[in-house]
Amino acid sequence: RAGCSTLYQHTQCFFTGVRFSRAARRRCNSARDGPSATPGGSQQRPRRTLGNTSADASRWIGSRPAPGTDRGGVDDVVGTRGGTLEGSLRTKPHLTTFTGGGGYGGFRRSRSLAVTAAAAASIPTSRIPTSPHVSLVQGASRGIGLEMVRQLLEQPNASLGGRPAAAGGYVVATCRDPAASAGLTALHLAYPDRLTLLALDVTDVASIEAAAAAVTLRHGRVDVLANTAAVLHVPGEMAPETSINRIDEEAMMKSFRVNAMGPVMVVKAFAPLLMEATARSGAAAEGSGFIARPAMVAILSARVSSIGDNSLGGWYSYRASKTALNQLTKNMAIEFSRKRHPVSFILLHPGTVNTGLSAPFQRNVPEGKLFTVERAATQLLEIVGAKGQEHSGMFFAWDGQEIEW
């Protein structure tokens, strides 16, 4: 706690969104300042504040406690399988940075705590968080999701033009196995203080809840939640049906679990964080002249989900699961518009994008209509940044045009 706060103080940044218990602060202060004098002993050592000098910060950040010293768990890797997350949140409330290792929602000590305050001053500004804004991308291991993460970190305006607070903010990337994604690993090495990697499987409620608990501990809010995860085909297991005779019950259920039920269960777990972001944005905007923007949930649907636009038939499971997703999202938009701290919901059609999901079906795509992931992510994030509560419950194509249900 002391090391991390001092590091951020000397880089003119704020470490926000994490609440520390008094017991946690006492443990960190004890490790930093040494034990107090016992009754009847020598005079008690004066307690330092977090406003130490750079030299003092370097001594603390670069040091390691003696063997047997209570480190408060900052070096532990804590998995969430087997019910260990709840105990970890209760006994180690000051864990700093999370990774996907150690099971769902594992976390470990940030490497940034090992650098000195002088070295921290040389870190490029784009790699240091300058805003408490939190963007979460679900399905971030590859394709559109991975590119969204990259742009949120690298673009000066985070590609969210209508949400200036997103620039320099935090990004959370979730997927089933973050450690297996070379793209996420590279981004995490480049932006260790801004990017958090968490394991989340939309078909596993326990992993969803664990990820939400980890984000609560680390940030305490989610301003933008983009869900990009979907399934259309799995080699040797499922494929789009061109005839009713090819419908397989298990494959259809998989489509519904991933494409329709999964995003709803994610919103259910992250709802308190979304409403908290709306509340904090509103409080920050008071007297500032800026218009507060409610938290936003953007879910990737598909034009083939439109009943009114369906003139070709086929793709029974995928079409129906995305149509169900549209109805569920509309329901959530209505419910959360009535909250004291509302949350906006929009559905997005990305077009045909050059990813693994569309690879087997690109042969008949018209020239100029097969988008790169870079273009697709930019177009979608621009829509997310531009839309507000007045657009909640609406379905937009990649060009901003509304799609009929």
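Residues numbered from 1 in each chain as written. Predicted model: local features only at pLDDT ≥ 70, side-chain atom pairs only at ≥ 80, totals over all residues. Heavy atoms only, no water.

Asker: Break down the nonpolar core for me, with residues and values.
Answerer: Formed by 40 residues in total, the largest nonpolar core has its most connected members in Val215, Val222, Leu225, Phe270, Val297 and Phe345. For this core, the elements supplying multiple residues, two or more each, are strand S3 (134-138), strand S4 (170-175), helix H8 (205-218), helix H9 (249-285), strand S7 (295-300), helix H10 (316-337), strand S8 (343-349) and strand S11 (394-397). The dominant element in this core, judged by the number of residues it contributes, is H9, at 9 residues. Among all residues touching Phe345, those that are not within four sequence positions of it are Val267, Met296, Val297, Thr329, Met332, Ala333, Phe336, His391, Ser392, Gly393 and Met394. Judged by nonpolar contacts, the second largest core, of 35 residues, contains Ile144, Leu153, Ile346 and Val353. (Core = buried A, V, L, I, M, F, W, Y, C linked by side-chain atoms within 4.5 Å. Buried < 20%, exposed > 50% of the residue type's maximum accessible area, 1.4 Å probe, protein only. Helix = DSSP H or I, 4+ residues; strand = E, 2+ residues; numbered from the N terminus. Contact = heavy atoms within 4.5 Å.)

Asker: How would you summarise the confidence of the model for the chain if you had to cite specific residues and measurements?
Answerer: On average, residues of the chain score 76 in pLDDT, and 65% of them are at 70 or above. In this model residues 1-21 is a low-confidence stretch, pLDDT under 50, and it forms 63 contacts with partners more than four residues away in sequence or in other chains. Ignoring residues within four places in sequence, the model shows residues 35-122, a span with pLDDT below 50, making 165 contacts including any to other chains. (pLDDT = per-residue confidence, 0-100.)

Asker: Quick one: what's the story with the sheet that holds strand S6 (residues 224-227), residue by residue and with numbers?
Answerer: With respect to topology, 7 strands assemble into an open sheet ordered S5-S4-S3-S6-S7-S8-S11, the strand pairing being parallel. Looking at which strands have only one partner, the edges of the open sheet turn out to be strand S5 (195-199) and S11. Between one strand axis and the next, the sheet turns through 20 degrees on average, direction left out of account. Pairing geometry for S4 and S5, over 5 bridges, is parallel. (Pairing = 2+ DSSP bridges. Axes fitted to C-alpha atoms, helices over the stretch in contact; angles between N-to-C directions.)

Asker: If you had to explain the environment of Met265 to someone new, which residues and values would you point to?
Answerer: Topologically, Met265 is positioned in helix H9. A relative accessible area of 27% means that Met265 is categorised as partly exposed. Along the sequence, Met265 and Glu209 sit 56 residues apart, while their C-alpha atoms lie 9.0 Å from each other. Leaving out residues up to four positions away in the same chain, Met265 has contacts with Val205 and Ile208.

Asker: Tell me what's going on with a negative patch on the surface, and back it up with residues and numbers.
Answerer: Together, Glu237, Asp248, Glu249 and Glu250 make up a negatively charged patch on the protein surface. Looking at the secondary structure, you find Glu237 in the loop between S6 and H9. (Patch = residues over 30% accessible without salt bridge, like charges linked within 9 Å, V, L, I, M, F, W, Y side chains within 5 Å. Areas by Shrake-Rupley, 256 points an atom, 1.4 Å probe, with all protein chains shown as cover. Salt bridge = Lys/Arg side-chain N within 4 Å of Asp/Glu carboxyl O. Lys, Arg positive; Asp, Glu negative; His and termini not counted. Charge placed at Lys NZ, Arg CZ, Asp CG, Glu CD.)

Asker: Tell me about the pattern of salt bridges, and name the residues and values.
Answerer: This model, assessed by the stated rule, comprises 5 salt bridges. In this structure, the salt-bridge partner of Glu276 is Arg280, at a minimum N-O distance of 2.9 Å. Placement of the pair is Glu276 and Arg280 together in helix H9, with a separation of 4 residues, close to one helical turn. Exposure remark for Glu276: the relative accessible area of 26% places this residue in the partly exposed category. Judged by relative accessible area, Arg280 falls into the partly exposed class, the value being 22%. A salt bridge links Glu335 to Lys339, with the shortest nitrogen-to-oxygen separation between them at 3.6 Å. Three or more residues joined by partner-sharing salt bridges are found here, namely Glu147, Arg150 and Glu154.

Asker: Explain the packing of helix H6 (residues 143-154) against helix H7 (residues 182-190) residue by residue, including any values.
Answerer: Relative to each other, H6 and H7 sit at 15 degrees, their axes nearing to 10 Å. Put simply, H6 runs roughly parallel to H7. Classified by chirality, the crossing of H7 by H6 is left-handed. Taken together, the residues of H7 that come into contact with H6 (itself represented by Leu146, Val149, Arg150, Leu153 and Glu154) are Gly183, Leu184 and Leu187. (Parallel < 35°, antiparallel > 145°, perpendicular 65-115°, else oblique. Left-handed = near helix turned anticlockwise from the far one by under 90°.)

Asker: Could you give me a rundown of the side chain of Ser305, with the residues and numbers involved?
Answerer: The topology assignment puts Ser305 in the loop between S7 and H10. Sequence-distant contacts of Ser305, that is, excluding residues within four places in its chain, are made with Arg319, Lys322, Thr323, Asn326, Phe395 and Trp405.

Asker: If you had to explain the side chain of Arg194 to someone new, which residues and values would you point to?
Answerer: Positionally, Arg194 belongs in the loop between H7 and S5. Put simply, Arg194 is tucked away with no salt bridge, and the nearest opposite charge, on Glu154, sits 8.9 Å away. Among the polar contacts made by the side chain of Arg194, one reaches the main-chain carbonyl oxygen of Leu153 at a distance of 3.0 Å. (Polar contact = N/O pair within 3.5 Å; in protein donor to acceptor, adjacent residues only side chain to side chain.)

Asker: So what's going on with the pairing of S4? Which residues, and what values?
Answerer: Of all the 6 residues making up S4, 6 are buried; the element is thus mostly covered by neighbouring parts of the structure. Side chains Tyr170, Val172 and Thr174 project from S4 onto one buried face, and the interleaved Val171, Ala173 and Cys175 project onto a second face that is buried too. Regarding topology, H6 serves as the crossover connection from S3 to the parallel S4, and that connection is right-handed. With H7 bridging S4 and its parallel neighbour S5, the resulting β-α-β unit is right-handed. (Right-handed = clockwise from strand over helix to strand, strands pointing away.)

Asker: A description of the packing of aromatic side chains should follow, citing residues and the corresponding values.
Answerer: Enumeration according to the criterion identifies 4 aromatic pairs in this entry. Both rings, one in Phe336 and one in Phe345, keep their centres 5.4 Å apart while their planes meet at 50 degrees; by these two values the pair is tilted. Each member of the pair, Phe336 together with Phe345, is buried. In this structure, Lys339 is placed above the aromatic ring of Phe336, and the distance from its NZ or CZ to the ring centre is 5.4 Å. The ring of Phe396 carries Lys387 above its face, with NZ or CZ at 4.4 Å from the centroid. (Phe/Tyr/Trp six-rings, centres within 6.5 Å; stacked < 30°, edge-to-face > 60°. Lys NZ or Arg CZ within 6 Å of the ring centre and 35° of its normal.)

Asker: Residue-level account of the packing of H6 against helix H11 (residues 373-386), with values.
Answerer: The geometry of H6 relative to H11 is characterised by a closest axis approach of 9 Å and an angle of 65 degrees between their N-to-C directions. Taken together, the axis directions place H6 and H11 in an arrangement best described as roughly perpendicular. Crossing hand, H6 versus H11: right-handed. Touching Gly143, Ile144, Glu147, Met148, Arg150, Gln151 and Leu152 of H6 are Val373, Glu374, Ala376, Ala377, Thr378, Leu380 and Leu381, all from H11.

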